[in-house]
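Topology and contacts: notes
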Amino acid sequence: MKPLVEVRDLKMHFPIHAGLLRRKVGAVKAVDGVTFSIMEGETLGLVGESGCGKSTCGRAVLRLYDITAGEIVIDGQEIGSVPQGKLRALRPTMQMVFQDPQASLNPRMTVGSIIAEPLDEHTDLSKAEKRERVAELMDRVGLNRAFLNRYPHEFSGGQRQRIGIARALALNPRFIVCDEPIAALDVSIQAQVVNLLEELQDSLGLTYLFISHDLSMVRHIADRVAVMYLGKVVELAPRDDLYDRPLHPYTEALLSAVPEPDPAKAGQTRERIVLQGDVPSPANPPEGCNFCTRCPRVMDVCRRIDPEFREVAPGRFAACHLHDERYQGAGPTA
Amino acid sequence: MSDARDPRSPIGAEDEGVVAASAAVMGAEPVLLSTGARSQWLDVWDQFKTHKGALIGAAIFLAIVAVVALGPLVWDPELGIKSNIRARNEGMSLAHPFGTDQLGRDIFARMMAGGRVSLAVGLTAMFLSVVIGTLIGVLAGYFRALDGALMRFTDLFLALPLLPLLLVMVLLFREPLTAVFGVETGIFLLIVSAIGITSWMQTARIVRGEVLALKEREFVLAARSIGTPSRRVITRHVLPNVLSPIMVSATLGIATAIITESALSFLGLGFPPDFPTWGRLLNDGVPYLEQYPERVFWPGIAISLVVLSINYVGDGLRDALDPRIRGR
């Protein structure tokens, strides 16, 4: 299998302007050197806490922002440095499903015209053909085609998310960024939408970047999982390896915070790791490892040298000095 | 069953069976079938009809427009121009429904002539100011690079003293415009553009604010992720969603335009003195306020009725054009 999406050292910094002259005084490093690749037909889960740069990363990969640095290759085409005007022709390959199904649909457009918008922009189908394609897409995502002329506010959250998915599918994309598509939905509806996404992946051969902070849901849908902290990917591994034997202390802490659904087992099986302190500001990240201010196993070297993101075991990447032979035996100092 | 040629009557037992069967299917999914292709404008009209104030407002506005536009066909417009000293300052009568002025001219005829000018000026100037205001507001809100420059430009216009500016405009352009278009059209164009150019700032500021909030919404981002170019994002996603504030400022704009025109006429900067407009009539009546208050009353009530009815129509339209309110 060859990678469909390759992201190398992606950086997305938002400038901070201050003072009377609006001079640039710094930058929020929302995404600061992220590297990953997604195989064709694979789902890469991207997890992390609020504000760690997951969504920005997803949007930057689709070039909804002008990225600060880095390289993005989708389907063999370098899009990181292509100007926005030329990206238009490449848009059909890559689409996005948004977090808030209420906000991502124009309240003044009918469902039919929302789903047909990509067709209007990129195809010259006749009116009847477009109608047919829209009806077909609505069938595909499990919406009744009779709802064509209704408005988004007449639907439930789950149905709205299906509308958003139908719009993303309209141009037969190969790669879809799902930006927390289930975060705004009820638990029962979450399962429906996730199952729909999986079904579509099987039948259409889609590749997903699935952004979420719901670790259990990512475990269900993803093939590999990347964990982000403060703008960087700290660990990337196949799903089962990551959930069974996390390498990075941050991943360990995250996993220990997942609630145990079985009350009989709750509080017995694992020890919860409670991180102290707050996430540092992405405008002013700590020197050395980004996680060194909160890491339970911090070493001296962590405060000086930023660990490199590298393959520590076959298929498993981590950015942590604990897995570097040079620093073995130094032992935790805090 | 008496007449087999009547298409409504069942022809035979078999056909009755078919009708019954299809009726059962219809009954099973009644809601789904009723949402077929129905014109959006029918929905808008349905919602508009439920707004009583808007309906009454529309009726009053159309009635005023009809009287003003078609009145001269039945009421001799010459009565409003020819002076008749012996019939001056008359009260209401069948011969002069609104009475006569100090030169014996029929006020009803003058009201109709004045209404045509005032309504034309009000609607055109409002249209101009809304177009300029919306254009500048949308450009400033949507394109960050233009924001600073356009908003300072707006501030500049807000800070300009209007009356001296209008004075200078009239002085500079009255002669060339009347030379090219004739007195009536020339001054009409001058007044409309003068009012339009000096009243778009509020609209621009309101629209800019709305656009700033709107362009961060996810559906605009979604449109960009599809590859929709900016101009179509604006026409398809931004403009329909800033319709309400535009509509409100448009209805208010008509009132301001009519009143500004009357102020200009009063200062002798607008239409010539013998050229009736509602504002002109209002100001002509002011010296006689104590003896003949009805002379101020008629143009005043006409202006108020137009403004009020347009406000209600605007309110109804705003609700009718919003799919979230529609059908509630």
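Analysis parameters
Residues numbered from 1 in each chain as written. Chains lettered and ligands numbered in written order. Predicted model: local features only at pLDDT ≥ 70, side-chain atom pairs only at ≥ 80, totals over all residues. Heavy atoms only, no water. UniProt positions renumbered as here; feature names shortened; annotations may be inferred. Helix = DSSP H or I, 4+ residues; strand = E, 2+ residues; numbered from the N terminus. Buried < 20%, exposed > 50% of the residue type's maximum accessible area, 1.4 Å probe, protein only. Contact = heavy atoms within 4.5 Å. Axes fitted to C-alpha atoms, helices over the stretch in contact; angles between N-to-C directions. Parallel < 35°, antiparallel > 145°, perpendicular 65-115°, else oblique. Left-handed = near helix turned anticlockwise from the far one by under 90°. Nonpolar A, V, L, I, M, F, W, Y, C, P; charged D, E, K, R; others polar. Pairing = 2+ DSSP bridges.

Chain B goes by Stage 0 sporulation protein KC in an unreviewed UniProt entry, where it is assigned to Jannaschia rubra. Recorded under Subcellular location (unreviewed entry), the UniProt text for chain B is reproduced unchanged: "Cell membrane". What the UniProt record of chain B gives under Sequence similarities (unreviewed entry) is the line "Belongs to the binding-protein-dependent transport system permease family."

In the annotation of an unreviewed UniProt entry, chain A is listed under the name Stage 0 sporulation protein KE and assigned to Jannaschia rubra. Taken directly from UniProt, the Subcellular location (unreviewed entry) text for chain A runs: "Cell inner membrane". What the UniProt record of chain A gives under Sequence similarities (unreviewed entry) is the line "Belongs to the ABC transporter superfamily."

1. A few points about the environment of I195 of chain B
Residues and elements named next belong to chain B. Tracing the backbone through its elements, the reader meets I195 in helix α8 (residues 183-197). Under the relative-accessibility criterion, I195 is labelled buried at 3%. Distance from I195 to S129, taken between C-alpha atoms, is 7.8 Å for residues 66 residues apart in sequence. With residues up to four places along the chain from it excluded, the contact list for I195 reads V121, A125, A257, T260 and E261.

2. Digging into the packing of helix α5 (residues 107-142) of chain B against α8 of chain B
Residues and elements named next belong to chain B. Two elements in contact, α5 and α8, have axes whose closest approach is 8 Å; the angle formed by their N-to-C orientations is 40°. It follows that α5 is oblique to α8 by the angle criterion. Classified by chirality, the crossing of α8 by α5 is right-handed. Where α5 abuts α8, its residues A120, V121, T124, A125, L128, S129 and I132 lie against F188, I191, V192, S193, I195 and G196. In terms of residue class, the contact of α5 with α8 is built from nine nonpolar, four polar and no charged.

3. Considering the sheet that holds strand β4 (residues 69-74) of chain A
Residue and element names in this part refer to chain A. The antiparallel open sheet is built from four strands, whose spatial order is β2-β1-β4-β5. Looking at which strands have only one partner, the edges of the open sheet turn out to be β2 (23-39) and β5 (77-78). Bridge analysis of strand β1 (residues 3-18) against β4 gives five bridges, and the strand direction is antiparallel. In the strand pairing of β4, K11 is matched with A69. In the packing of helix α1 (residues 54-61) onto the sheet, the strands contacted are β1, β2 and β4, and the crossing angle to β1 comes to about 115°.

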